[in-house]
Amino acid sequence: MAVNMLGMTENEVAGICGSLSITGFRIKQIYKWVSAGKDVPGMTNLPASVRASLTEAGYGVFLPKIEKKLVSSIDGTVKYLFSLSDGELIESVVMKYEHGNTICVSCQAGCRMGCRFCASTLNGKVRDLHYSEILGQVYAAEADTGEKISNIVMMGIGEPLDNYDNTVKFLHTVNSPDGLNIGFRHISLSTCGVVSGIDRLAEEDMPITLSISLHCIDNEKRKELMPVTKKWSVDELLAACKRYFDRTGRRISFEYTLIAGENDSVKQAAELAEGLKKHLGRMPIHVNLIPLNPVKERGLGTSAREDVKRFQDTLISHGINATVRRKLGPDINASCGQLRHSAKQENEENTEKKGDTP
Ligand code: SAH
């Protein structure tokens, strides 16, 4: 069986080498290649016999394979559809900013959180990604673009706190000075509100930025839009945010997707502002407004531009810092999970067609 060495520590690599009687300075050499994301055939300073021992025993450094790549001709945003070793499909997006390149990575194949507006969750969760598969997206994007990635957002397919151990292992590995060496302060993690995970994360001593996909502050309405609210109420979620801030001193950013007629009224904006202030006290609050990127199957529409502006102005008039997210790659417009979903449908249609032919 193939074993992916990507993301392994020097000790883990030494363990493998030991089992294959590879000794001495070769271990360090192999570890360096592994940390550089290079597969065994490319480990050019090793004798062919050492490379053969690794390969024969099934060890390699495997990156996700690019199935599709869309490049925005407007701002250079790149969207990848990757396949994993078992054929599962995931997405990553590389966004180019003045301060460097940011990648948005997926952490699960599909998602079981069931948010009503989101494409990632349409067919539920297939499986968690192993941390090497989350890490592999960053290496694969760097290899393909030839550019260094300096920032990471865990805002792709899946719920990071529903794949907690792989997420945390990924964060430590991507931060390792031997590997990609991306600082915690350059990493954001977004959650739909898995309270148990937020509390665990507060104890990890990792100064990453936490983003909460709030989208609604009224508990009953949020239950409709985001079923996770049935498990952890809005009150419990905001209390966890307060604990997180008190424990870590890290401010939290709130994401708010505006959906026409669902959560975009002036009254809802005022309730959001007052609710946040009531729960969070002196914690600095920032709300990031994201006009919905409509998903055909979901039947929900995006808020009109005037309504977005009105919502933002209302928040600001209540003393809440609010920005509207700039839309990147508008010509390759596809929200998280949409590429995977349409590729899966194409596959199914092809299989059906094949089945039809006598
Ligand atoms: N599960 C995590 C990570 C996904 S992040 C979370 O929920 O935070 C993806 C972000 O995009 C989330 O804020 C999600 O609610 C939002 N989102 C999903 N589908 C969207 C859509 N069609 N339009 C706009 N935002 C969307």
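Residues numbered from 1 in each chain as written. Predicted model: local features only at pLDDT ≥ 70, side-chain atom pairs only at ≥ 80, totals over all residues. Heavy atoms only, no water.

### Points about the domain arrangement of the chain
Looking at the chain, the domain boundaries give domain 1 (3–60) and domain 2 (65–347). Spacing between the C-alpha centres of domain 1 and domain 2 amounts to 35 Å. Across the interface of domain 1 and domain 2, roughly 660 Å² is buried in total on both sides, 51% from carbon and sulfur atoms. For the pair domain 1 and domain 2, the interface holds 1 salt bridge. A salt bridge links lysine 169 to glutamate 12; the nearest nitrogen and oxygen atoms lie 3.9 Å apart. Joining domain 1 to domain 2, the criterion identifies 2 residue pairs in polar contact (both at pLDDT 80 or more). The greatest single-element share of the side of domain 1 that touches domain 2, amounting to 3 residues, is contributed by helix H2 (residues 25–35). Of the residues in the side of domain 1 that touches domain 2, the class split is 5 nonpolar, 4 polar and 1 charged. (Domains from an automatic or database assignment. Buried area = accessible area lost by both parts, 1.4 Å probe. Salt bridge = Lys/Arg side-chain N within 4 Å of Asp/Glu carboxyl O. Polar contact = N/O pair within 3.5 Å; in protein donor to acceptor, adjacent residues only side chain to side chain. Helix = DSSP H or I, 4+ residues; strand = E, 2+ residues; numbered from the N terminus. Nonpolar A, V, L, I, M, F, W, Y, C, P; charged D, E, K, R; others polar.)

### Focus: the sheet that holds strand S12 (residues 252–258)
As summarised here, the arrangement of the 10 strands in space is S3-S4-S5-S6-S9-S10-S11-S12-S13-S14, forming an open sheet in which the pairing is mixed. The open sheet terminates on both sides in strands that have one partner only, identified here as strand S3 (65–71) and strand S14 (321–324). Neighbouring strand axes in the sheet, compared pairwise and without regard to direction, differ in orientation by 25° on average. Sheet topology places strand S6 (residues 100–104) next to strand S9 (residues 149–154); 4 bridges connect them, and they run parallel. If you follow asparagine 101 over to S9, its bridge partner there is isoleucine 149. Set on the sheet, helix H5 (residues 164–175) makes contact with S9 and strand S10 (187–191); between it and S9 the angle comes to about 170°. Together, S12 and strand S13 (285–291) form the strand contacts of helix H10 (residues 266–280), whose direction differs from that of S13 by roughly 145°. (Pairing = 2+ DSSP bridges. Axes fitted to C-alpha atoms, helices over the stretch in contact; angles between N-to-C directions. Contact = heavy atoms within 4.5 Å.)

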